[in-house]
Amino acid sequence: MPKITINKRDIGNTNRTYIIAEMSANHNQSYEKAVQIVKAAKAAGADAIKLQTYTPDTITLNCNNDHFRIKKTIWKGKNLYKLYEEAYTPWEWQPKLKNIADDLGMDLFSTPFDDSAVDFLETMDVPAYKIASFELIDTGLLEKVAATGKPVIMSTGMATLGEIDEAVTTLKKNGCKEIALLKCTSAYPASPDEANLKTIPHLSATFKVPAGLSDHTIGSSVSIAAVTLGASIIEKHFCLDRSDPGPDSAFSMEPHEFKQMVHDIRTVEKALGTISYDLTENQKISRTFRRSLFAVQDISRGEILTAKNIRSIRPGNGLAPKHLKTIIGMKSKQKIQKGTPIDWSLVTSKQTRN
């Protein structure tokens, strides 16, 4: 089974789900809030906190013509440059946030959006890289990230199977040996009926990599369902308070919601277990309450056993119900009191036993 390793933590195969809290723009340009988000994510059970490394000038052009104006989504009417001016995470914060995450024992890495961001993140010695869905087709960026030799987690929103194949091939050809793919619906927020979670195991089988979900839906149901289908990674946007202003808060999880999601995912992981027909200890105890054959009336010595004096009832201390037809018509060897479990020692056989 495929796996990757980030900071000595194996992801994929039968290892537990790697859960990423995406900070995105939810700091609202406050370093103090960014620090609070890192700490709250750790407290909520996140394995990693993820940043985005860009500036308005590295991701778009300061231009106000119609090409640069958002026409749909929750950001309808906004200019791209102005949106990214509001949303970007100042680069000078990022090494300090990584130190905080390191001290908390939590991974911190980022999504770079151009070569300069990769160079910057290398100075921070991030343990992995994330490729955003929108950048999956940027082969130059993929080549730059792959050359670091770090593990790469790549979202696949909007991508055709051919585009995913080309991106994976580009990463591999340029030095990336550990790749994970995330099913993603690039809508904000995304609708569950567009999630198509059955794609997750197909991604893993097709590209022989761990696969997971970058989830933009509201709530945790879709993420939890993804884990039941084999998702090795779950990524969710994380904020302190959804009522805070900001471009991403509307589809982000608050700490108590994220914590409950982590708890539910860990419960699901335990429940998935392995393919097994062995009885657990609790099931062995419960077997005593299965049905079996009992005397339901007092039966005299030599009396013929009938459907009136022998029945299949709970508990399971007598012969299995499958023997009822064989038992009927036999005679009792001794007096049998009502409520006695029936076994072969109590009857005389004039028929062939099954």
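Everything here concerns the structure above.
Worth saying up front: this structure is predicted, and the values here are computed from it rather than measured.

Novice: So what about the pairing of strand 7 (residues 152-155)? Which residues, and what values?
Specialist: Residues Val 152 and Met 154 line one face of strand 7 and the alternating positions Ile 153 and Ser 155 line the opposite face, and both faces are buried. As paired strands, strand 6 (residues 129-131) and strand 7 are joined by three bridges and run parallel to one another. Residue Tyr 129 lies in a different strand from strand 7, and its bridge partner there is Val 152. Direction of pairing for strand 7 relative to strand 8 (residues 179-184): parallel, over a ladder of four bridges. Looking across to strand 8, one finds that Ser 155 is bridged to Leu 182. This β-α-β element, strand 7 to helix 7 (residues 161-173) to strand 8, shows right-handed connectivity.

Novice: Outline the pattern of salt bridges, supporting the account with residue identities and numerical values.
Specialist: Under the defined criterion, the tally for this structure stands at 18 salt bridges. Among the salt bridges present, the one from Lys 78 reaches Glu 86, with a minimum N-O distance of 2.9 Å. Its relative accessible area of 33% is what places Lys 78 among the partly exposed residues. Residue class for Glu 86 comes out partly exposed when judged on its relative accessible area of 31%. Put simply, Asp 125 and Lys 150 hold a salt bridge, and the shortest N to O gap is 3.6 Å. Here Lys 150 lies in the loop between helix 6 (139-146) and strand 7 and Asp 125 lies in the loop between helix 5 (115-124) and strand 6, a separation of 25 residues in the sequence. Residues joined in a network through salt bridges with shared partners are Arg 9, Arg 16, Asp 47, Asp 107, Arg 266 and Glu 269.

Novice: Break down helix 8 (residues 199-207) for me, citing the residues and quoting the values.
Specialist: Within helix 8 the residues assigned to the buried category are Ile 200, Leu 203, Ser 204 and Phe 207. For helix 8, the angular spread of the buried residues around the axis is 95°, confining them to a single face. Next to the buried residues of helix 8 lie helix 7, strand 8, strand 9 (211-215) and helix 9 (221-228).

Novice: Requested: an account of the packing of aromatic side chains, with residues and values cited.
Specialist: All chains considered together, the criterion is met by six aromatic pairs. Each ring, one from Tyr 54 and one from Phe 113, has its centre 5.2 Å from the other, and the planes form 80°; the classification is edge-to-face. Placement of Tyr 54 in the loop between strand 4 (48-53) and helix 2 (56-59) and of Phe 113 in the loop between strand 5 (107-112) and helix 5 is noted, with a sequence separation of 59 residues between them. Each member of the pair, Tyr 54 as well as Phe 113, carries the same accessibility label: buried. Ring centres of Trp 91 and Phe 120 lie 5.0 Å apart, and the angle between their planes is 35°; this geometry places the pair in the tilted category. Placement of Trp 91 in the loop between helix 3 (80-87) and helix 4 (93-104) and of Phe 120 in helix 5 is noted, with a sequence separation of 29 residues between them. Ring-pair connections join several aromatic residues into one group, and the members of that group are Tyr 54, Tyr 84 and Phe 113. Across from the ring centre of Tyr 31, 4.5 Å away, lies the NZ or CZ of Lys 96, which sits over that ring.

Novice: Hey, could you go over unusual backbone geometry for me, with residue numbers and the actual values?
Specialist: Leave glycine aside and you will find that most residues have negative phi; peptide bonds, for their part, are mostly trans. Here Tyr 188 and Pro 189 are connected by a cis peptide whose omega angle stands at -5°. Looking at the element boundaries, Pro 189 is found in the loop between strand 8 and helix 8. With an omega dihedral of 5°, the bond running from Arg 314 to Pro 315 counts as a cis peptide bond. Assignment of secondary structure puts Pro 315 in the loop between strand 12 (310-313) and helix 12 (324-327). For Gln 29, which is not glycine, the phi torsion reads 65° and is therefore positive. Mapped onto the fold, Gln 29 is located in the loop between strand 3 (18-22) and helix 1 (31-43).

Parameters and conventions
Residues numbered from 1 in each chain as written. Predicted model: local features only at pLDDT ≥ 70, side-chain atom pairs only at ≥ 80, totals over all residues. Heavy atoms only, no water. Buried < 20%, exposed > 50% of the residue type's maximum accessible area, 1.4 Å probe, protein only. Helix = DSSP H or I, 4+ residues; strand = E, 2+ residues; numbered from the N terminus. Pairing = 2+ DSSP bridges. Right-handed = clockwise from strand over helix to strand, strands pointing away. Salt bridge = Lys/Arg side-chain N within 4 Å of Asp/Glu carboxyl O. Arc of directions from axis to C-beta. Contact = heavy atoms within 4.5 Å. Phe/Tyr/Trp six-rings, centres within 6.5 Å; stacked < 30°, edge-to-face > 60°. Lys NZ or Arg CZ within 6 Å of the ring centre and 35° of its normal.

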